[in-house]
Amino acid sequence: MSEPRTYESAVGRVEEIIRRLDSGDAGLRETLDLVREGRELVEYCASELDAVSQGLEELRLDELVARLEHPAEGRG
Amino acid sequence: MGHPVIANRDPVAAGGLPGPFPVGSYAAQLKRRLQEFARVQLEGEVWGVRLSRARVYFELRDAHGALPCSMWRDEFDRLGLALADGMQVIVGGGCDYYPGSAASSPSFSFAVSELRIAGEGDLLVALERLRRRLGAEGLFEPQKALPRAQLPRTIGVVTGERGKARDDILAGLERRGWGGRLIWAFAPVQDRHAAPRIAAALRELAATPEVEVVIVARGGGSLADLYAFCDEALCRTVALLRVPVISSVGHHTDRTLIDDVAAVCCSTPTHAAEAAVPVDCAAARRALAMSAARLRDHGRRAILHRARTLAQLSRAPGRQVARHRERLHQLLRELRAAARRRGDEGTARTAGHLRALERSATRGVEADRARRARELDRLALALGAHDPQRTMARGYALVADRAGTPLGSAAAARAAGDLRLRFHDGEVPATVAPEEPA
């Protein structure tokens with residue numbers, strides 16, 4: 001079972017892929033596979049960056065707890 | 001408590017003093033009396049530290065006097081202090097007296113039950129003791145072993161609602177370009193009574209699934225002010241939380257215990273915010289764009305390169321055949337030339353052989369001819385010797401009948417009647433004359 005994907009693991013893998021491609025040792029099939037995987041990881045990282053670039057959302061813990069305990073009131 | 005032995009004796013005649021009393025009883029009374037002295041704290045400089053198996057001995061001195069002190073060794077060891085001469089300490093305890101015996105000397109000492117380094121205060125001593133205990137229990141490690149997200153989406157913060165730390169944290173996050181979700185858990189951060197509230201806030205934040213890291217911050221203050229962050233229960237709570245805690249409490253000279261148990265300890269709330277989000281979002285975006293461009297380049301280059309290779313390969317067979325044909329022709333030319341060279345060489349070699357044979361044959365034939373000539377001469381001589389012609393030349397004649405058949409006897413001649421006499425120079429017919437009777 002593989003590790004859950006995280007931003008840091010994705011960035012690490014992209015760097016690894018680029019190192020492999022830079023080495024020039026990868027054949028056509030591997031190159032295309034690596035490029036495809038790398039693009040997918042870059043998209044994931046970009047989405048993670050997007051998620052923390054929407055503007056700071058500040059919450060108070062007591063309000064959050066109250067909202068979780070009384071979801072109906074929170075929505076109202 | 002009275003002094004029955006001393007009080008009830010009559011004065012001795014000489015000098016008017018009570019007694020004489022047994023010295024052991026007096027010493028025991030003295031011990032009891034000294035032990036009645038109030039227990040106090042004393043401050044002074046340590047001198048002459050001596051460790052024995054059961055006790056630690058030293059003198060406590062100042063400019064006006066000194067006191068021998070002793071402490072149980074196990075109590076001393078529990079303090080975890082390294083006592084050295086010249087150290088200024090505060091000791092707590094009371095007077096004691098060892099009355100001695102017939103075989104041992106008596107001694108007075110101030111029995112020390114508490115000891116701390118003077119000047120750092122009770123808080124620091126207690127803090128050091130607790131720090132050692134928590135460290136010995138391995139509680140400084142669990143937080144440091146937790147994985148920390150480089151780009152958390154949700155950060156929890158425990159701090160005072162009106163403190164400067166709040167603004168500092170926001171400034172740190174802004175510097176990172178981070179705009180995720182921030183959950184504030186405001187709690188009093190001033191004194192030790194704040195500790196349970198801080199611990200509760202931490203537990204609640206850790207129980208919130210989306211919280212990936214928690215910052216505990218306050219803007220500094222005296223150690224007394226920061227004592228809330230040295231609370232044992234709070235520190236144990238932090239050590240066992242599932243989320244990493246970044247502490248930013250106090251400063252370097254007053255390191256609190258929460259700094260030791262936390263995953264990361266920062267000197268300011270701004271730094272704590274930056275530690276919570278190690279990634280500079282703007283820089284990360286730029287790096288990501290570069291990575292994407294490089295991936296694109298690699299993909300494009302790989303295809304172009306392979307396409308060129310394929311094109312070259314597709315043109316290759318014709319050139320390959322031509323190259324092989326040319327090579328074959330060349331080989332053929334070389335083969336012919338080699339064969340020619342080989343033939344010439346063979347002819348020359350054969351002619352040489354022939355000449356040698358001729359020379360050899362000539363030499364053999366000449367010799368053979370001479371030999372044969374000599375043989376012929378010899379045979380001619382031998383033959384000549386037997387030639388009938390030569391015999392007839394000497395006067396002999398060959399007798400034959402008319403048919404020419406040689407007749408070898410007189411009887412045959414008589415029978416034949418007609419004879420032919422062959423001489424060396426011709427034949428003469430002859431007839432046998434009738435024989436005259438004898």
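Attention here is on the structure that accompanies the text. (Residues numbered from 1 in each chain as written. Chains lettered and ligands numbered in written order. Predicted model: local features only at pLDDT ≥ 70, side-chain atom pairs only at ≥ 80, totals over all residues. Heavy atoms only, no water.)

**Here we look at the overall build of chain B**
For step 1, the next point in the chain: Looking only at helices and strands, chain B has 13 helices and 13 strands in total.
For step 2, the next point in the chain: Residues classed as buried in chain B amount to 33% of the 438 residues present.
For step 3, the next point in the chain: Contacts in chain B between residues far apart in sequence, at least 24 positions, make up 62% of those at least 6 positions apart.
For step 4, the next point in the chain: When the accessible surface of chain B is totalled, it reaches about 26,800 Å², and 56% of it is carbon and sulfur. (Helix = DSSP H or I, 4+ residues; strand = E, 2+ residues; numbered from the N terminus. Buried < 20%, exposed > 50% of the residue type's maximum accessible area, 1.4 Å probe, protein only. Contact = heavy atoms within 4.5 Å. Areas by Shrake-Rupley, 256 points an atom, 1.4 Å probe, with all protein chains shown as cover.)

**Points about the interface of chain B and chain A**
For step 1, the next point in the chain: Facing 38 residues of chain B, the contacting portion of chain A comprises 36 residues.
For step 2, the next point in the chain: Between chain B and chain A, a total of about 3,200 Å² is buried, with carbon and sulfur atoms accounting for 64% of that surface.
For step 3, the next point in the chain: Notably, a salt bridge pairs Asp50(A) with Arg285(B), separated by 2.5 Å at the nearest N-O pair.
For step 4, the next point in the chain: For the pair chain B and chain A, the number of links is 16 residue pairs in polar contact (both at pLDDT 80 or more).
For step 5, the next point in the chain: Those elements that place two or more of their residues in the side of chain B that touches chain A are helix H6 (164–176), strand S7 (179–186), helix H7 (195–207) and helix H11 (281–386) of chain B.
For step 6, the next point in the chain: Within the side of chain B that touches chain A, the residues separate by chemical class into 20 nonpolar, eight polar and ten charged.
For step 7, the next point in the chain: Of the pairings in the sheet, the one linking strand S1 (residues 53–60) of chain A to S7(B) comprises five bridges and is parallel in character. When the sheet's bridge partners are listed, Ser53(A) is paired in S7(B) with Gly179(B). (Buried area = accessible area lost by both parts, 1.4 Å probe. Salt bridge = Lys/Arg side-chain N within 4 Å of Asp/Glu carboxyl O. Polar contact = N/O pair within 3.5 Å; in protein donor to acceptor, adjacent residues only side chain to side chain. Nonpolar A, V, L, I, M, F, W, Y, C, P; charged D, E, K, R; others polar. Pairing = 2+ DSSP bridges.)

**Re the sheet that holds strand S13 (residues 426–431) of chain B**
Residue and element names in this part refer to chain B.
For step 1, the next point in the chain: In space, the three strands of this open sheet follow the order S11-S12-S13, with antiparallel pairing throughout. Every interior strand has two partners, whereas the edge strands, strand S11 (398–400) and S13, have only one. Each adjacent strand pair in this sheet contributes to an overall mean axis angle of 25°, direction not counted.
For step 2, the next point in the chain: Pairing of S11 with strand S12 (residues 418–423), which is carried by three bridges, proceeds in the antiparallel orientation. Bridged to Ala400 within S12 is Arg420. (Axes fitted to C-alpha atoms, helices over the stretch in contact; angles between N-to-C directions.)

**Some details on the packing of helix H1 (residues 7–23) of chain A against H11(B)**
For step 1, the next point in the chain: Running from N to C, H1(A) and H11(B) cross one another at 35°; their axes reach a closest spacing of 11 Å. For H1(A) against H11(B), the interelement crossing comes out left-handed. Taken together, the residues of H11(B) that come into contact with H1(A) (itself represented by Tyr7(A), Val14(A), Ile17(A), Ile18(A), Leu21(A) and Asp22(A)) are Ala284(B), Ser291(B), Arg294(B), Leu295(B) and His298(B).
For step 2, the next point in the chain: Residue classes in the contact of H1(A) with H11(B) are distributed as seven nonpolar, two polar and two charged. (Left-handed = near helix turned anticlockwise from the far one by under 90°.)

**What about empty space enclosed by the protein?**
Residue and element names in this part refer to chain B.
For step 1, the next point in the chain: Within the structure shown, the criterion is met by one cavity of 30 Å³ or more.
For step 2, the next point in the chain: Estimates place the volume of the largest cavity at around 30 Å³.
For step 3, the next point in the chain: What lines the largest cavity is simply Leu79, Leu81, Val125, Glu128 and Arg129.
For step 4, the next point in the chain: Per element, the largest residue contribution to the lining of the largest cavity is three residues, and it comes from helix H4 (residues 121–136).
For step 5, the next point in the chain: Here the lining of the largest cavity is built from residues that sort into three nonpolar, no polar and two charged. (1 Å grid on protein atoms, 1.4 Å probe; cavity = no way out; pocket = protein on both sides within 12 Å on 5 of 7 lines; lining within 4 Å. Points joined across faces, edges and corners; volume = space filled by probe spheres on them.)

**Points about the nonpolar core**
For step 1, the next point in the chain: Formed by 43 residues in total, the largest nonpolar core has its most connected members in Leu151(B), Ile155(B), Ile169(B), Leu173(B), Trp178(B), Ile215(B) and Ile246(B).
For step 2, the next point in the chain: At the level of elements, H1 and helix H2 (28–51) of chain A together with strand S6 (154–159), H6, S7, strand S8 (213–217), helix H10 (269–276) and H11 of chain B are the ones that each hand at least two residues to this core.
For step 3, the next point in the chain: Looking at this core, the element that brings in the most residues is H2(A), giving seven residues.
For step 4, the next point in the chain: Setting aside anything within four residues of it in sequence, one finds Ile169(B) in contact with Val157(B), Trp184(B), Ile215(B), Ala217(B), Pro269(B) and Ala273(B). (Core = buried A, V, L, I, M, F, W, Y, C linked by side-chain atoms within 4.5 Å.)

**Focus: the layout of surface pockets**
All names here are of chain B.
For step 1, the next point in the chain: Of the voids in this model, the largest pocket is the one considered here, and its volume is about 420 Å³.
For step 2, the next point in the chain: Lining the largest pocket are 22 residues, with Arg55, Tyr57, Ser70, Asp96 and Ser109 sitting closest to its centre.
For step 3, the next point in the chain: Contributions of two or more residues to the lining of the largest pocket are made by strand S1 (40–51), strand S2 (55–62), strand S3 (65–72), strand S4 (88–98) and strand S5 (107–117).
For step 4, the next point in the chain: Broken down by element, the lining of the largest pocket gets its largest block of residues, six residues, from S5.
For step 5, the next point in the chain: Across the lining of the largest pocket, the residue classes tally to ten nonpolar, five polar and seven charged.

**With respect to the packing of aromatic side chains**
For step 1, the next point in the chain: One pass over the structure, following the stated rule, counts one aromatic pair over all chains.
For step 2, the next point in the chain: Measuring from centroid to centroid gives 5.6 Å for Trp184(B) and Phe186(B), while their planes differ by 10°, and the two rings are stacked.
For step 3, the next point in the chain: Here Arg5(A) stacks its cationic end above the ring of Tyr44(A), 5.1 Å away from the centre of that ring.
For step 4, the next point in the chain: Looking at Arg166(B), its charged tip hangs above the ring of Trp184(B), at a distance of 5.2 Å from the centre. (Phe/Tyr/Trp six-rings, centres within 6.5 Å; stacked < 30°, edge-to-face > 60°. Lys NZ or Arg CZ within 6 Å of the ring centre and 35° of its normal.)

**Focus: the pattern of salt bridges**
Residue and element names in this part refer to chain B.
For step 1, the next point in the chain: Tallying each qualifying case throughout the model produces 31 salt bridges over all chains.
For step 2, the next point in the chain: Note that Asp297 and Arg300 form a salt bridge whose closest N and O atoms lie 3.0 Å from each other. Taken together, the residues Asp297 and Arg300, both in helix H11 and three residues apart, mark about one turn of the helix.
For step 3, the next point in the chain: Judged by relative accessible area, Asp297 falls into the partly exposed class, the value being 30%.
For step 4, the next point in the chain: Across the pair Arg378 and Glu375 runs a salt bridge, and its minimum N-O distance is 2.2 Å. Note that Arg378 and Glu375 are positioned in helix H11 at a spacing of three residues, about one turn of the helix.

**Some words on the side chain of Ser70(B)**
All names here are of chain B.
For step 1, the next point in the chain: On the secondary structure map, Ser70 appears in strand S3.
For step 2, the next point in the chain: Looking at Ser70, its side chain comes within polar contact range of the side chain of Ser109, at 3.3 Å.
For step 3, the next point in the chain: Discounting chain neighbours no more than four positions away, the residues touching Ser70 are Arg55, Val56, Tyr57, Ser109, Phe110, Ala111 and Val112.

**A look at a positive patch on the surface**
All names here are of chain B.
For step 1, the next point in the chain: Among the surface-exposed residues, Arg336, Arg340, Arg341 and Arg342 lie close enough to one another that they form a single positively charged patch.
For step 2, the next point in the chain: If you trace the backbone, Arg340 turns up in helix H11.
For step 3, the next point in the chain: Using a relative accessible area of 56% as the deciding quantity, one classes Arg340 as exposed. (Patch = residues over 30% accessible without salt bridge, like charges linked within 9 Å, V, L, I, M, F, W, Y side chains within 5 Å. Lys, Arg positive; Asp, Glu negative; His and termini not counted. Charge placed at Lys NZ, Arg CZ, Asp CG, Glu CD.)

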